[in-house]
Each structure stands twice: as structure tokens, then as C-alpha cells.
Amino acid sequence: MVQIVISSGGTGALARWMLVELQGEVEPRQSGSLAESLLGDLHYTCEGIPVLIVGHHILYGKVVQLEKPFAVLVKQGGASQPSPGEPQGHYTVTALIKTKLLFKTRPKPIITHVPKKV
Amino acid sequence: RSRAEVDATLQTAKLNSAELLPAVHCLSFGPQASAGECCLLQLEPGLCAELEAGRSLIIRGEKDEKAVLCSKDKTYDMKIADTSNMLLFIPGCKTPEELNADPASCNIIHSQIAGFSNNYWELRRCRPKLKKLRKLLMEDPYEGPSSQKDQTSTCSKYTTEDLLSLIQASEEEILHQLQVIDACKIEGYWRILEFSYEMKLLDHVTQLIDSESWSLNKVPLRTCLEELGSLEPREMIEHILLSYGRKYVDDGEVYFEMCEDKICRAIAQMLLQNAVKFNLSEFQEVWQQSVPEGMTTRLDQLKGLALVDKSSRPETIFLLKVEDLPEDNQERFNSLFSIREKWTEVDITPYIQDLCAEKQTVGALLTKYARSSMLNGVKVYNSRRPIS
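These numbers were taken from a predicted model, which means no experiment stands behind them. (Residues numbered from 1 in each chain as written. Chains lettered and ligands numbered in written order. Predicted model: local features only at pLDDT ≥ 70, side-chain atom pairs only at ≥ 80, totals over all residues. Heavy atoms only, no water.)

Draft legend 1. Representation of the overall build of chain B within the structure. A count of helical and extended segments in chain B gives 14 helices and 18 strands. Compactness check: chain B gives a C-alpha radius of gyration of 31 Å against a globular reference of 21 Å for 388 residues, more than 25% above the reference. With respect to the three principal axes, the spread of C-alpha positions in chain B is 100 × 60 × 45 Å. Evaluated residue by residue, chain B yields a buried proportion of 46% over its 388 residues. Long-range pairs, those at least 24 residues apart, make up 63% of the contacts in chain B with a sequence separation of at least 6. Accessible surface computed for chain B: about 20,100 Å², of which carbon and sulfur atoms make up 49%. Averaged over its 46 positive side-chain charges, chain B has a centre that lies 6 Å from the centre of its 60 negative ones. (Helix = DSSP H or I, 4+ residues; strand = E, 2+ residues; numbered from the N terminus. Rg over C-alpha atoms; globule rule 2.2 N^0.38 Å. Buried < 20%, exposed > 50% of the residue type's maximum accessible area, 1.4 Å probe, protein only. Contact = heavy atoms within 4.5 Å. Areas by Shrake-Rupley, 256 points an atom, 1.4 Å probe, with all protein chains shown as cover. Lys, Arg positive; Asp, Glu negative; His and termini not counted. Charge placed at Lys NZ, Arg CZ, Asp CG, Glu CD.)

Put into C-alpha cells, the structure is as follows:
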């Protein structure tokens, strides 16, 4: 039987990450990978409402405490032939996510006659 | 990005920075973000605490089984949940409360998105798949020390580790079930006693109780071991007492309060397994005569073991063990309805009780898998679909 272990690596407390939930898909502006490219600026209003500026859009969202937190799992490197009874795979819990920023409203386009290069 | 760039963007967006908190997160995709190395696991209550305490979870399954996830004491079905939204996971991203609580927080926080996904693993608590446990242990039941079989191969014998790698259940659920089925450890392997050997051991004990005129509630361990130790291994004598009695200590001595229901039930099984069915009243007579002095037999001791057919003339009784029936809900109901077309709730309950999930009732199961009707003023259940 396949056994895959999910463990936290044991060195101290787990990191706390945040989840940002957006509608639709995120695509790179130029073709090519997303790596290293900017997504946008995340602000909060004084009332605690998250505001995300992505490209030409403003998104308003809300902070949601997750009833069911997420664990972020990272697969550990390819194992050489595992022996029977030994786990055949290993995921490490890199972080826990207990909060998400949910952006559900339709993005508001930023209309300007001169798109400023930023 | 610099403060000036951020402010310029705010101005273009016509947002008033006075209405915003001073800190801003500039989000970009990290170098490994698209690599898809990270995935999300949604945690049921309790699992978060397990991980934070440093404990592991294990996914188990044969290639032809659906995977389950096990904590140290619970089992969960796993499936992939898709969402039409994009989920980005970001280290070091702060909530408004966290920013407000820390006045020294940096004005510009450069946060790198570690990864993104549009699906996650979803868990649902399920019944551990324990039927396989009995099946494995029945491959080689223990027949006693005089049996030649044990000297041969050890291939059908299982240690706790072996069981953990073969059964889709958590360790505690497996250990609990081993206790429920009265398994015992012999030379490091978990064994079930072969039924006739088990009855032989029980018979030694009940005969001794009778000849010593002990109360059924106060059977002394020490004397049993002394008197029976020459007939059977001491571990087996103690095991049978533990299986059929409740252990307690009185004044430094170990005693057992014998379990009348369990003993009567075992003796009924011994009688019933010899034929397809029995005349009910004849069976009841023989059964009462076969149990130890002072014990009273009752049909309700046989729930989940035998079924009475009240429609036959004369009434009959036959062996039907719930542990021999399928583990899957639909298959279990199909099997029960092919044995008998219509069931009363009283009759069917012992054969579906073990299917109930956490907080699920027998009534809920019946509503889902059966159809009810009235027969001679009594509510009965039959199959929702034709049974071939």
C-alpha cells in the first residue's frame, strides 16, 4: 500500500501565510512566466477593508477568518526505490493559512487618459 | 517599488491615502511561484492542532483504493476540490489588525507570492476501513500451541507495523478494533483465535467456575491459572478471561466479572453454525441448556449474529453475522435486501448500525438507502431498486 507522510519538519512553530482569492485567472502582461513579475499593491482602508490594485483594476475585498485552515504542502524530492513498509512519498507542511483576503467584487477599471508608467 | 511609485498608483486610481493604512504590501510572484510545488490541504477541526504539535498525517491507499488521510486517531476521505477562483498563497502578508498592532511595521512590505492554485485537497471524516483487519487475521487463526501449523510459515502473520501499512485507518482506530475483535499478540504478531479453540478455552473456564461454585461476578485469575495452566498456556487463559469478562482488583487480587451476554452469544454461535437454520423453539431450549449455570439466554443477545424468521411455520433462526456483510453502504443494503425483501427497523438496525457516520442515525441511513411501506400495520423497509 502507498503511504505518504505529511509532516511539519519539526523545527519550531509553523509559519503563518495568507491566502488571497481572486476571481478569474492571472496572466503575465508580457508572454513568459509569471516569476518575478509584479502583481500589484495591496492596501487596507482604515476600516480594515483590503484594496488591491492590479494593472488597471481596483479590487475591493474582505478579510475572512477561515473556519477550516489550510496547510501548504511542499513535495519532498524524488525518493529512490522505497522499501516495502517505508513511506513512498513525503510532503512537508511549510505553512498554515488561517486567514484569506477574498476579492469577490468585479474589478473596477482605472480610467485615465494617460496611463502612467509605474 | 518605491514609496513614490506606490503613491503615484494611488493617485491614478483616485484613492485617498488618508483613508488607507500607511503600510502597503507590494505583491510580486516569487521565483518558484509557477513551479506548482506547493499544494493546499484543507484541514478539518483538530488537524491544525495536530500539525502545530508536530505530529504527522499519513495518506494511505492501495492503487485500486481511494486514498484516505489518517491522523493518529481519525480517518478522512480525500478528494480534490476545484474552484473557479485563483488562490494565491503569500508568506509574510499581514492583516490590518497585525499592521495596527505593530506601529513599527515597515511602510512598504515587499511580499513574494510563493505559489498559486485553483484547487485544494478536501477532507471528510469517514469510517475507518477495518473489515480488512479481520480478513487478514482470519488468514491464519491461532489454533492453540498443540497445532502444528504455527511452526511453518510466518507469511500470514501481522505485526502492528504490518497492519498500519495494509489498512486504511489510523493507528488508534486499528488498535481499538483489535481489542473489539478480541485479538491478542502472540510472539509479536496479532492473532485471532480459531473459534473452536476459543470455545474450548471458554469451556475450561466455565467448567472450573461450576466445579468451584464461584460467583460469576468473582472469578479469581490466580486460581484459574493454577488449575488450568497445565491444560493451556497461561496467556491464553488470561486472554479468554479478558475477552469474556471484566477485570477488576479487590483487596490486591485480580478477579473477573463474567459477561453473561457475551458468553451466551458465543454459545449460540457454536450451535447455529452447524446448520443452515434451526427450529426456533428447539434452538432456544438447547441453547438455554448449554449455557453455564446461572446464566439466562435472551434472543436480544443475538443482535447482529442471528436472524429470526417469523414468517415461516414453525419459526426458524439462522446465523447471519454482520461482520460477514459488505463494508460499503450500498453493497450492505443490497446484500441485506437479497437475504430478505422487507425488514422492520428493529430487525435491520443491528446490521446497519456500524455504517452510521459520526452523528448519523440509523433512520437517516434508512431514508437514504431504503423505501418504507406498511405491512400488516407494521412499518417495513425494502430496497429502492430491484435486486437481482
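Draft legend 2. Quick peek at the overall build of chain A. In terms of helices and strands, chain A carries zero helices and eight strands. Reading the helices (α) and strands (β) of chain A from amino to carboxyl end gives β-β-β-β-β-β-β-β. Evaluated residue by residue, chain A yields a buried proportion of 42% over its 118 residues. Once local pairs closer than 6 in sequence are excluded, the contacts in chain A between residues at least 24 apart make up 69%. Of the roughly 6,900 Å² of accessible surface on chain A, a fraction of 52% belongs to carbon and sulfur atoms.

Draft legend 3. Region of the structure containing the interface of chain B and chain A. On the side of chain A, 59 residues touch chain B, which itself brings 69 residues to the contact. The three residues of chain B that bury the most area against chain A are Leu-27, Phe-29 and Met-86 of chain B, which together make up 11% of that side's buried surface. The interface formed by chain B and chain A holds three salt bridges in total. One salt bridge in this structure joins Arg-16 of chain A and Glu-52 of chain B, with 3.5 Å as the shortest N-O distance. (Buried area = accessible area lost by both parts, 1.4 Å probe. Salt bridge = Lys/Arg side-chain N within 4 Å of Asp/Glu carboxyl O.)

Draft legend 4. Layout of the confidence of the model for chain B. Within chain B, residue pLDDT values average 91, and 97% of them lie at 70 or more. Interface predicted TM-score (ipTM) for the complex: 0.83; the corresponding pTM is 0.84. (pLDDT = per-residue confidence, 0-100.)

Draft legend 5. Expanded view of the sheet that holds strand 14 (residues 306-309) of chain B. All names here are of chain B. Here we have three strands laid out as an open sheet, ordered 13-15-14, and antiparallel in their pairing. Two strands in the sheet have a free side with no partner beyond their single neighbour: strand 13 (278-279) and strand 14. By the bridge criterion, four bridges tie strand 14 to strand 15 (residues 316-319) in an arrangement that is antiparallel. Note on strand 15: the bridge partner recorded for Asp-309 is Thr-316. (Pairing = 2+ DSSP bridges.)

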